[in-house]
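Coordinate analysis (summary)
Residues per chain, in single letters:
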Amino acid sequence: MWMADLGNGNYKNPILYADYSDPDAIRVGEDFFMVASSFSNAPGLPLLHSKDLVNWKVVNYILPKIPEFRYRNPIHGCGVWAPAIRYHEGTYYVCFPMPDEGIYMTTAKDPFGKWTEPVNIRPGAGWIDPCPFWDEDGKAYLVAGVAKSRIGYKSVLHMVEMAADGMSLIGEEKVVFDGNLNDQVTIEGPKLYKRNGYYYIFAPAGGVKTGWQTVLRSKNIYGPYEYKMVLRQGDTVVNGPHQGAWVDTPTGQDWFIHFQDVYAAGRITHLQPMTWYEDWPIIGEYEKDENGKPLKEYGTPVLEYKKPDMGVSDKDLADSNKFPVCAPDLDDEFDKDSLGMQWQWNANPEEDWIEFMPEKSVIKLNAVATSNKRPVCDYRNLLLCKWAEPEFSCVTKISLKDLENGDFAGCVALGQNYIALGIYKDSDGYYIRKVTGNQNFDCDVSYASENVTDTVLSKDVKDFHSFKSEEKEVYIKYSVKRIGYQDHIEGGLKVNNAPRELQCLEISFDSKNYSYTLACEAKAGRWVGVKNGVFVSHNSLIKNENRGSILVDYIRYN
């Protein structure tokens, strides 16, 4: 498990080696909350909680399902994009874009509980990355970017007045910054704040993998805005350090949370110190002259730094109940009556896909009828989790005794390159099925091609490749290994030493000897990192009296 807390008063970046992309965060009292994009996975909009900005846990999902009926199918790269979270007069607000559908708002009094049904406060395609803001005079505003793929242009930020309850827009939409007229191409992801009489818009620019963090400021919320670039990669290994949140601590320290796109693993999360000079922020490390003036207007990312000051005693910091050293969950013994927070479906789920059996410490997954023309990457009921760290392996134990003819069950590694390994059953017996595939995107639509091979499974229990019990148990191992680094050109800019990973699936019938290895170089999905998980599907052309199912005993990481 990746642990950012070094246990010596320092932390290392990234604070999360997992694909919690496009983060936004706030502090309410002594608690920090963070939200992230979730695209077409459900439940959507993960909510993370921390007491110190370093140690984070997923504590809730704001959306049980993605709004709109079409997300009953996986629509890769669509759905919930970069959200914003705010707290105003006792209410938590999360505003999120769906680039094809509109801008949505949902609220809660208790962030750990149920959130309200989302309201589409600006229907229509094109606007993305919204952020609400409440001014001292009681007026409220929304700032947002645009997606060229939906509206035909990019690099433009809009401002509009919003109703005080956040549930509608009431003013004229105005362009407050156009990155096409300067060197801030692809400016998006705006977050709006106020300090010392200035309105600040923190906004990434320059592209996902190659960009930098820009900050705009003005005495008038509608501008004109001046700007500076306040965080850049410099000589560090942290490419594209941008898009995130300014957060302060109870002691008055300022920090900035942002992502780094590391290709297959997705957009991992970093924490940078932040200071001010002449009412401009500087993020990360930077050099000063003898008078304390920064030598450059921007800083560069830190890889290790002193943890944020929470203003509490060493005794309190050492109390794991008050300040837990933690990371998002990985292992799951399925001993609860709900899914762990690490899991998301490939599309909006149906109630009958899963049954919880905590007394047996298993979950039952029911086979979902699927056209034999549908590729594995588009199976609706893939149950998925994010990568855990740069290199890892995990084993999933599955009982297949209740498979029916036409069922295919196993594990999957899902990205633009994907693999699946498992057992297929038909009237003649059982087969080891290996699937390799590729997703290709054209105008934001996925076109997948895949290859399927079946190998007859022996019926002799003494055979190495055969079931060893009436439960028909299999163990499927998924492993990720770094195999090197590669330089890329993204939008005409260099990304040096991007990691490359090999991912493998293997199957065992005794939990000791693994074979039928299936491997490919990992490649991120559409705006998301690679995910791994488990599934059971049924060929809809084959009619059975009973519905097939599997029991998943555990997933355990090494």
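Anyway, here's the lowdown on the structure attached to this text. All figures in this text were calculated on a predicted structure; none of them were measured in a lab.

About the cut-offs
- Residues numbered from 1 in each chain as written.
- Predicted model: local features only at pLDDT ≥ 70, side-chain atom pairs only at ≥ 80, totals over all residues.
- Heavy atoms only, no water.
- Helix = DSSP H or I, 4+ residues; strand = E, 2+ residues; numbered from the N terminus.
- Buried < 20%, exposed > 50% of the residue type's maximum accessible area, 1.4 Å probe, protein only.
- Contact = heavy atoms within 4.5 Å.
- Core = buried A, V, L, I, M, F, W, Y, C linked by side-chain atoms within 4.5 Å.
- Pairing = 2+ DSSP bridges.
- Axes fitted to C-alpha atoms, helices over the stretch in contact; angles between N-to-C directions.
- Phe/Tyr/Trp six-rings, centres within 6.5 Å; stacked < 30°, edge-to-face > 60°.
- Lys NZ or Arg CZ within 6 Å of the ring centre and 35° of its normal.
- Polar contact = N/O pair within 3.5 Å; in protein donor to acceptor, adjacent residues only side chain to side chain.
- Salt bridge = Lys/Arg side-chain N within 4 Å of Asp/Glu carboxyl O.
- Disulfide = S-S within 2.5 Å.

Before going further, it helps to spend a moment on the overall build of the protein chain. The secondary structure content of the protein chain amounts to two helices and 37 strands. Along the first, second and third principal axes, the C-alpha set of the protein chain runs to 80 × 50 × 45 Å. Counting the 558 residues in the protein chain, one finds 59% classified as buried. Relative to all contacts within the protein chain whose residues are 6 or more apart in sequence, the contacts with residues 24 or more apart total 58%.

The biggest cluster of nonpolar side chains holds 89 residues, and the ones touching the most others in it are Leu365, Ile423 and Ile550. Those residues in contact with Ile550 that lie beyond four places of it in its chain are Ile363, Lys364, Leu365, Ile398, Ser399, Leu400, Leu403, Ala409, Val534, Phe535 and Val536. Counting 22 residues, the second largest nonpolar core, distinct from the first, contains Ile26, Leu47, Ile62 and Tyr71.

In terms of burial, strand E10 (residues 127–134) is a largely internal element, eight of the eight residues being buried. The pairing of E10 with strand E11 (residues 140–146) spans six bridges and is antiparallel. Looking at the pairing, Ile128 lines up with Gly145 of E11. Taking the residues that link successive antiparallel strands as the turn, the E10-E11 hairpin has five residues, and the phi of Gly138 there is positive, at about 95°.

Right, let's get into the sheet that holds E10. If you walk across this open sheet you meet the four strands as E10-E11-E12-E13, and the pairing is antiparallel. Both edges of this open sheet fall to E10 and strand E13 (174–178), since each of them pairs with a single strand only. Averaged over neighbouring strand pairs, the angle between their axes works out to 25° when direction is ignored.

Attention now goes to the packing of aromatic side chains. Under the defined criterion, the tally for this structure stands at 29 aromatic pairs. Each member of the aromatic cluster is reached from another via a ring pair, and the members are Tyr193, Tyr198, Tyr200, Phe202, Trp246, Phe256 and Trp276. Taking NZ or CZ as reference, Lys209 lies 4.9 Å from the ring centre of Tyr263, over its face.

This part is about the side chain of Lys51. Counting through the fold element by element, Lys51 comes out in the loop between strand E4 (44–50) and strand E5 (56–63). A polar side-chain atom of Lys51 sits 3.5 Å from the main-chain carbonyl oxygen of Glu30. A distance of 3.1 Å separates polar atoms of two side chains, one belonging to Lys51 and the other to Asp31. Those residues in contact with Lys51 that lie beyond four places of it in its chain are Glu30, Asp31, Phe32, Met310, Lys322, Phe323 and Pro324.

It is worth spelling out the pattern of salt bridges at this point. Here the structure, examined in full by the defined rule, presents 31 salt bridges. The partner of Arg547 in a salt bridge is Asp352, with the nearest N and O atoms 3.1 Å apart. One end of the pair, Arg547, is in the loop between strand E36 (531–539) and strand E37 (549–557); the other, Asp352, is in the loop between strand E23 (344–345) and strand E24 (354–357), with 195 residues separating them in the sequence. Under the relative-accessibility criterion, Arg547 is labelled partly exposed at 42%. Overall, Asp352 belongs to the partly exposed group, its relative accessible area being 42%. One network of salt bridges, in which partners are shared, links Arg70, Asp100, Glu101, Arg150, Asp444 and Arg526.

So, on to the side chain of Ser50. Here Ser50 is to be found in strand E4. In this structure the side chain of Ser50 is engaged in a polar contact, spanning 2.9 Å, whose partner is the backbone nitrogen of Leu53.

Strands sit in the order E24-E25-E37-E28-E33-E34-E35 across an open sheet of seven strands; the sheet is antiparallel. At either margin of the open sheet sits one strand with a lone partner, and together these are E24 and strand E35 (514–521). The sheet shows a mean angle of 25° between the axes of neighbouring strands, taken without regard to direction. Note that strand E25 (residues 362–366) and E37 share four bridges and pair antiparallel. Bridge pairing links Ile363 to Val552 in E37.

Attention shifts here to the pairing of strand E2 (residues 24–28). In regular strands, side chains alternate between the two faces of the sheet. The element E2 is extensively covered by neighbouring structure, given that four of its five residues are classed as buried. Pairing of E2 with strand E3 (residues 31–35) involves five bridges; the strand directions are antiparallel. Pairing of Arg27 across the sheet is with Phe32, part of E3. In sequence, E2 turns back onto E3 through a hairpin of two residues, with Gly29 there showing a positive phi of about 65°.

Let us look at the environment of Ser549. Along the chain, Ser549 turns up in strand E37. Through-space distance from the C-alpha of Ser549 to that of Asp402 is 5.4 Å; in sequence the pair is 147 residues apart. Residue contacts for Ser549: discarding those within four places in its chain leaves Lys364, Leu365, Asn366, Ala367, Asp402, Leu403 and Asp407.

Omega for the peptide link from Ala42 to Pro43 comes to 0°, which places this bond in the cis form. By the element assignment, Pro43 lies in the loop between E3 and E4. Following Gly223, the chain continues to Pro224 via a peptide bond in cis, the omega torsion being 10°. Inspection of the secondary structure assignment puts Pro224 in the loop between strand E16 (212–218) and strand E17 (226–231). A positive phi angle, near 70°, is found at Trp527, a position not held by glycine. Within the secondary structure layout, Trp527 lies in the loop between E35 and E36.

Looking now at the environment of Asp331. Examined against the element boundaries, Asp331 turns out to sit in the loop between helix H2 (314–317) and E23. Classification of Asp331 by relative accessible area gives partly exposed; the value is 42%. Separated by 65 residues in sequence, Asp331 and Thr396 have C-alpha atoms that sit 9.8 Å apart. With residues near it in sequence (within four places) discarded, Asp331 still touches Gln342, Ile555, Arg556 and Tyr557. Within the structure, Asp331 has its side chain in polar contact with the backbone nitrogen of Tyr557 (distance 2.7 Å).

As for its placement among the helices and strands, Gly491 is situated in the loop between strand E33 (473–490) and strand E34 (493–508). Here the alpha-carbon distance between Gly491 and Lys364, two residues 127 residues apart in the chain, equals 46 Å.

Let us look at the state of the cysteines. A complete count under the given rule lists zero disulfides for this structure. Free of any disulfide, Cys411 has its nearest neighbouring cysteine sulfur in Cys394, separated by 7.5 Å. With relative accessibility at 4%, the residue Cys411 sits in the buried group. Just so you know, Cys520 is unpaired, no disulfide at all, and the nearest cysteine sulfur is the one on Cys504, 8.4 Å from it. Owing to a relative accessible area of 17%, Cys520 belongs among the buried residues under this scheme.

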